[in-house]
Amino acid sequence: MTTRAVVTLGASVVGALAFYRLSFDTFVLVLPSICSKRHLSEIFFVFFQEKKKKSGVLVKVCGLNSSEAAVLASKAGADLLGLIFVKKSKRYVDVDKAKEIVSAVDSYINKNGLITPDIGKVIKEREEVKDPSKWFKSQANRISSSIRTLGDKAAPLKVGVFMNHSVNDINHIVHQLHLDLIQLHGNEPEDMPLKLSRPSIRVIHVDKSSTLETLISQIKPGLSPIVMLDSKGGGTGKAFDWTLATKISKSIPIFLAGGLTPLNAKDAVDMVSPLGIDACGGLEKDGQKGVKDLRKIAAFVKSVRAL
């Protein structure tokens, strides 16, 4: 089957779905039954090239451990791609595998003339912040605007996820792979972001014992420009109480993670109004932790882009 034939077939399916008022989720579920896996990414690419308009919410696909999944996420319109360098994680990638993935993404970026957003320099000295809300909003606006102003020409940002690594180890890996952002997922020293070679995302873990006060006390202005709220442990596939995230996001822009899937992403955005959302385990094949499902990745990005 030629690419043209595949695209024609896909268009016919979409037309039928629209006629019968079926959902996009139905489309991505039935498509594999009528065409081979080899053609899936081609079909997704064609349709997402037309539907890749940037919404106000940033989308991060995390735990990518194959070139195929990373490139598909890029084609679908993900703003950030996460590579996990935590050995105990089922989504762990070593430097060699990460190089392979980054090379594939870079080839896609260069082939399509995409431009890496300029998200600014690392904060080297902690400034005195009188208004934390204003500071975080200015950081969020700067990063979001750098992506949005490029529109469909924005290349996805490559994010390295680390947990309790040393500054030297993090910076060495970031240098080798030319990563754009660093995500701190452990109990790193408060001032570590000032010593890193790239801007960082600070993860705040949420569990049943968390309160609004305990979470806010962990959010420190003047260091990491982005804050992410995630279920304790990370990659658990379980969501936490979004009520707390909703309250925090009213004054501090946040990334929301933990138990997000193509089915609840819209609800999360509607309720929390986050700066961005991040999915990992919710984009994997059922019963196969660490194995990304291309259909779920596409549907996840689509669900946010449609807002």
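Residues numbered from 1 in each chain as written. Predicted model: local features only at pLDDT ≥ 70, side-chain atom pairs only at ≥ 80, totals over all residues. Heavy atoms only, no water.

Participant: I'd like a rundown of the pattern of salt bridges, residues and numbers included.
Facilitator: Counted by the stated rule, this structure contains 15 salt bridges. Among the salt bridges present, the one from Arg91 reaches Glu284, with a minimum N-O distance of 2.6 Å. Taken together, the positions of Arg91 in the loop between strand S2 (80–84) and helix H5 (95–111) and Glu284 in the loop between strand S8 (276–279) and helix H11 (294–305) put the pair 193 residues apart, joining distant regions of the chain. Among the ionic pairs, Asp106 bridges to Lys158, the shortest N-O distance being 3.1 Å. Separated by 52 residues along the polypeptide, Asp106 in helix H5 and Lys158 in strand S3 (residues 157–162) bring together distant segments of the chain. Its relative accessible area of 26% is what places Asp106 among the partly exposed residues. Each member of the salt-bridge network shares a partner with another, and the members are Asp79, Arg148 and Arg305. (Salt bridge = Lys/Arg side-chain N within 4 Å of Asp/Glu carboxyl O. Helix = DSSP H or I, 4+ residues; strand = E, 2+ residues; numbered from the N terminus. Buried < 20%, exposed > 50% of the residue type's maximum accessible area, 1.4 Å probe, protein only.)

Participant: Would you mind going over unusual backbone geometry in detail, with residue names and values included?
Facilitator: Positive phi, close to 60°, is recorded for Asn164, a residue that is not glycine. Structurally, Asn164 can be placed in the loop between S3 and helix H7 (167–177). One non-glycine residue, His178, lies in the positive phi region at around 55°. With respect to the helices and strands, His178 occurs in the loop between H7 and strand S4 (181–184).

Participant: Please provide a residue-by-residue account of the sheet that holds strand S7 (residues 254–257), values included.
Facilitator: Sheet architecture is closed into a barrel: eight strands sit in the order S1-S2-S3-S4-S5-S6-S7-S8, paired in parallel fashion. The average angle at which neighbouring strand axes cross in this sheet is 25°, direction not considered. As judged from the three bridges shared by S4 and strand S5 (residues 200–206), these two strands associate in the parallel manner. Paired with Gln183 across the strands is Ile201, a residue of S5. (Pairing = 2+ DSSP bridges. Axes fitted to C-alpha atoms, helices over the stretch in contact; angles between N-to-C directions.)

Participant: So what's going on with the environment of Leu244? Residues and values would help.
Facilitator: Relative to the helices and strands, Leu244 resides in helix H9 (residues 242–249). Remark: the alpha-carbon pair of Leu244 and Val272, spanning 28 residues in sequence, is separated by 9.0 Å. Ignoring anything within four residues of it in the chain, the contact list for Leu244 reads Val206, Ser210, Thr211, Leu212 and Leu215. (Contact = heavy atoms within 4.5 Å.)

Participant: Provide a residue-level description of the packing of H5 against H7, including the pertinent values.
Facilitator: The geometry of H5 relative to H7 is characterised by a closest axis approach of 10 Å and an angle of 35° between their N-to-C directions. Read as a crossing pair, H5 and H7 show a hand that is right-handed. Listed contacts from H7 to Val95, Ala98, Lys99 and Val102 of H5 are Ile173, Gln176 and Leu177. For the contact of H5 with H7, the class distribution of residues is five nonpolar, one polar and one charged. (Left-handed = near helix turned anticlockwise from the far one by under 90°. Nonpolar A, V, L, I, M, F, W, Y, C, P; charged D, E, K, R; others polar.)

Participant: Tell me about the environment of Ala299, and name the residues and values.
Facilitator: Note that Ala299 resides in helix H11. As a C-alpha pair, Ala299 and Thr261 span 38 residues in sequence and 8.8 Å in three-dimensional space.

Participant: Tell me about helix H10 (residues 265–272), and please be specific about residues and values.
Facilitator: What H10 keeps buried is the set Ala265, Ala268, Val269 and Val272. Buried positions in H10, seen along its axis, are confined to an arc of 95° and lie on one side of it. In the core, the buried residues of H10 are packed alongside H9, S7, S8 and H11. (Arc of directions from axis to C-beta.)

Participant: Residues and numbers for the packing of aromatic side chains, please.
Facilitator: A complete count under the given rule lists two aromatic pairs for this structure. Taken together, a centroid distance of 5.2 Å and an interplanar angle of 15° make the contact between Phe85 and Phe162 stacked. Here the residue Phe85 occupies a position in the loop between S2 and H5, and Phe162 occupies one in strand S3, the gap between them amounting to 77 residues. Comparing Phe85 with Phe162, the two get one shared label, buried. (Phe/Tyr/Trp six-rings, centres within 6.5 Å; stacked < 30°, edge-to-face > 60°.)

Participant: So, the side chain of Asp230: which residues are in play, and what are the values?
Facilitator: As for its position among the elements, Asp230 is in strand S6 (residues 226–231). It turns out Asp230 is buried and unbridged, and the closest side chain with the opposite charge, Lys60, is 8.0 Å from it. Here the side chain of Asp230 touches Gly258 through a polar contact of 3.3 Å, landing on its backbone nitrogen. (Lys, Arg positive; Asp, Glu negative; His and termini not counted. Polar contact = N/O pair within 3.5 Å; in protein donor to acceptor, adjacent residues only side chain to side chain.)

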